[in-house]
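Secondary and tertiary structure notes
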Amino acid sequence: MNFRTFLFVSALAAPLSAFAQSPFPLSVGLKAGAALTDAFSNRTILAGATAFRTYSQQKDYIVGPMVELRLPMGLSAEADALYRPLHLASSPGSDGTVNSWEFPILVKYHLKFPIVKPFVEAGPSFRHVSEFPSDIPHLSSKGFAAGFGVEVKALVVRVAPEFRYTHWGADSNASTSSVNPNSHSNQLEFLLGISF
């Protein structure tokens, strides 16, 4: 093996040595929580002599699996698959639920404290939404998420409460004159992660 090959192999193997120091760099778990903002805008549109109103009649719950890969220098990468029902009411009309799956992929930075480790996170978020019966509106499927929280480790269990903000792109039918509901682009959530 020549010197260049040795340097190349050493450069590739250096990040792997950090993983060797941690016996379990991969953790899996569950996230659950609640939305702190309404899924849909509270709006009233006049169409002739009829007033149409759309709004969220309740806050939504959030639940789903998560996986986190711990990296060197206090960094980690987390991916979630979060189910969130989006509740919608309309008047005159009826109540309904739009099923939503959100897939945030976040880079996290953990501050190095001995017991409680504060962290910040940011990254893209994607979602799949079951559309309304009329197939209108098409809710945005791409967004950006950022958050902060703390992680506490007790034996093999990690507990991490956090606040997460997601900004979704505009709905495809976003309009001030349409009677179709518009979702809130800015969403705030409280989540609790439990991982092993």
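Description of the structure in this document. (Residues numbered from 1 in each chain as written. Predicted model: local features only at pLDDT ≥ 70, side-chain atom pairs only at ≥ 80, totals over all residues. Heavy atoms only, no water.)

The next subject is the overall build of the protein. Across its full length, the protein holds one helix and 11 strands. Traced from its N-terminal end to its C-terminal end, the protein shows the element sequence α-β-β-β-β-β-β-β-β-β-β-β. The buried share of the protein, taken over its 196 residues, is 35%. Summarising the internal contacts of the protein: among those between residues at least 6 apart in sequence, 63% fall at separations of at least 24. Taken as a whole, the protein presents about 10,900 Å² of accessible surface, with 70% of it coming from carbon and sulfur. (Helix = DSSP H or I, 4+ residues; strand = E, 2+ residues; numbered from the N terminus. Buried < 20%, exposed > 50% of the residue type's maximum accessible area, 1.4 Å probe, protein only. Contact = heavy atoms within 4.5 Å. Areas by Shrake-Rupley, 256 points an atom, 1.4 Å probe, with all protein chains shown as cover.)

Here we come to the packing of aromatic side chains. Going through the model one piece at a time under the given rule, you end up with four aromatic pairs. With 5.9 Å between their ring centres and 35 degrees between their planes, F148 and F163 make a pair best called tilted. With F148 in strand β9 (residues 142–154) and F163 in strand β10 (residues 157–168), this pair connects stretches of sequence that are 15 residues apart. The partly exposed category is assigned to F163, whose relative accessible area is 36%. Each residue in the set Y61, Y83 and W101 is aromatic and connected to the rest through ring pairs, giving one cluster. Positioned above the aromatic ring of W168 is the side chain of R127, whose terminal nitrogen or guanidinium carbon lies 4.2 Å from the ring centre. (Phe/Tyr/Trp six-rings, centres within 6.5 Å; stacked < 30°, edge-to-face > 60°. Lys NZ or Arg CZ within 6 Å of the ring centre and 35° of its normal.)

In this section: the pattern of salt bridges. Summed over the entire model, instances satisfying the criterion amount to 13 salt bridges. In this structure, R158 and E151 form a salt bridge, with 3.4 Å as the shortest nitrogen-oxygen distance. Assessed through its relative accessible area of 11%, R158 is described here as buried. The exposure class assigned to E151 is buried, which follows from its relative accessible area of 8%. (Salt bridge = Lys/Arg side-chain N within 4 Å of Asp/Glu carboxyl O.)

In this structure, M73 is a non-glycine residue whose phi angle is positive, near 60 degrees. With respect to the helices, strands and loops of the structure, M73 is situated in the loop between β4 (61–70) and β5 (75–80). Within the chain, L155 stands out as a residue other than glycine whose phi angle is a positive 60 degrees. The exposure class of L155 is exposed, given its relative accessible area of 80%.

Moving on: the side chain of E102. Along the polypeptide, E102 turns up in strand β7 (residues 95–110). For E102, the residues in contact, after removing those within four places along its chain, are D80, A81, L82, R84, F126, R127, W168 and E189.

With respect to the secondary-structure elements, L139 resides in the loop between β8 (116–129) and β9. Sequence separation between L139 and S183 is 44 residues; the distance between their C-alpha atoms is 7.0 Å.

Next up on the list: the pairing of β5. The two faces of β5 differ: S76, E78 and D80 on one face are buried, but L75, A77 and A79 on the other face are not. Here β4 runs beside β5; their pairing, made up of five bridges, is antiparallel. Bridge pairing links V67 to A79 in β5. Count of turn residues in the β4/β5 antiparallel hairpin: four residues, of which M73 carries a positive phi of about 60 degrees. In terms of strand pairing, β5 meets β7 through five bridges, oriented antiparallel. Paired with A77 across the strands is V107, a residue of β7. (Pairing = 2+ DSSP bridges.)

Purely geometric stuff here, so don't read any function into it on its own.
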